[in-house]
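Observations on the three-dimensional arrangement
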Amino acid sequence: METCFAENIKQAFAESCYAMAMKNREVSEEYQSASEEYKKLFDSIRDKLGEDRKLMLRLEELQNRMGSMDDECIYLQGFIDCVYLLKRIRLL
C-alpha cells in the first residue's frame, strides 16, 4: 500500500513540478535574463569552435538531460518527504 501511495504521489508531484517550471520560464525576468545570457555565450563558444561545434551541442544535450534528472529527483524527494511527514504527524 505504501509503495502504491508513494508512486501516485511521485507522479502527481512530477506533473506539478513540470508545470511550475514552465510557468517560471514565462514569468520570471531573472530566468529570462539568464536564459538570454546563456544563449549568447553558447552561440559565441559554438561559433569559435567551427567544425567541432557539434561537440558543444552534444555536451549541452547531456548537461541538460543530467540536470533535468537531478532537479526532478530533488523536487520529488522533497515533496514525498513532506507528505510522509504530514502523514506521520497525522495531518493527512
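Reading guide: rules and limits
- Residues numbered from 1 in each chain as written.
- Predicted model: local features only at pLDDT ≥ 70, side-chain atom pairs only at ≥ 80, totals over all residues.
- Heavy atoms only, no water.
- Salt bridge = Lys/Arg side-chain N within 4 Å of Asp/Glu carboxyl O.
- Helix = DSSP H or I, 4+ residues; strand = E, 2+ residues; numbered from the N terminus.
- Buried < 20%, exposed > 50% of the residue type's maximum accessible area, 1.4 Å probe, protein only.
- Expected span 1.5 Å × (residues − 1).
- Axes fitted to C-alpha atoms, helices over the stretch in contact; angles between N-to-C directions.
- Contact = heavy atoms within 4.5 Å.
- Nonpolar A, V, L, I, M, F, W, Y, C, P; charged D, E, K, R; others polar.
- Core = buried A, V, L, I, M, F, W, Y, C linked by side-chain atoms within 4.5 Å.
- Lys, Arg positive; Asp, Glu negative; His and termini not counted.
- Patch = residues over 30% accessible without salt bridge, like charges linked within 9 Å, V, L, I, M, F, W, Y side chains within 5 Å.
- Areas by Shrake-Rupley, 256 points an atom, 1.4 Å probe, with all protein chains shown as cover.

1. Brief notes about the pattern of salt bridges
Pairs may arise between side chains of opposite charge once their charged atoms sit close together. Counted under the stated rule, the structure contains two salt bridges. Between aspartate 43 and arginine 46 there is a salt bridge, with the nearest N and O atoms lying 3.3 Å from each other. In this pair, aspartate 43 and arginine 46 both sit in helix α2 (residues 29-49), three residues apart, roughly one turn of the helix. Under the relative-accessibility criterion, arginine 46 is labelled partly exposed at 23%.

2. Re helix α3 (residues 53-88)
The terminal C-alpha atoms of α3, which comprises 36 residues, lie 52 Å apart, in line with the 52 Å expected from a rise of 1.5 Å per residue. Within the span of α3, buried status applies to Met56, Glu60, Leu76, Ile80 and Val83.

3. Quick word on the packing of α2 against α3
Helix-helix packing is characterised by the crossing angle of the two axes and by the distance between the axes. Where α2 meets α3, the axes come as close as 7 Å, and the angle between the chain directions of the two elements is 145 degrees. Of α3, the residues touching α2 (which contributes Tyr38, Phe42, Ile45, Arg46 and Leu49) are Arg53, Met56, Leu57, Glu60 and Gln63. Taken together, the residues that form the contact of α2 with α3 break down as six nonpolar, one polar and three charged.

4. Some points on the nonpolar core
If you look at the biggest cluster of nonpolar residues, it comprises five residues: Ile9, Phe13, Leu76, Ile80 and Val83. Within the residue set of this core, elements represented by two or more residues are α1 (2-27) and α3. Here this core gets three residues from one element, more than from any other, and that element is α3. If near-sequence neighbours (up to four positions away) are discounted, isoleucine 9 is found in contact with Ile80 and Val83.

5. Side note on the side chain of glutamate 60
Residue placement: glutamate 60 occurs in helix α3. In this structure, glutamate 60 is buried with no salt-bridge partner, the nearest side chain bearing the opposite charge being arginine 46 at 7.2 Å. Once residues lying within four places of it in the same chain are set aside, the contact partners of glutamate 60 are Tyr38 and Phe42.

6. Some thoughts on a nonpolar patch on the surface
Together, Leu41, Ile45 and Leu49 give the surface a local cluster of nonpolar side chains, amounting to about 250 Å² of exposed area. By relative accessible area, isoleucine 45 is classed as partly exposed at 34%.

7. Re the environment of glutamate 60
Among the residues examined, glutamate 60 registers a relative accessible area of 18% and is labelled buried. Between the C-alpha atom of glutamate 60 and that of phenylalanine 42, which follows or precedes it by 18 residues, the distance is 9.0 Å.

8. Quick notes on unusual backbone geometry
The backbone phi angle of arginine 90 is positive, close to 65 degrees, even though this residue is not glycine. Judged by relative accessible area, arginine 90 falls into the exposed class, the value being 74%.

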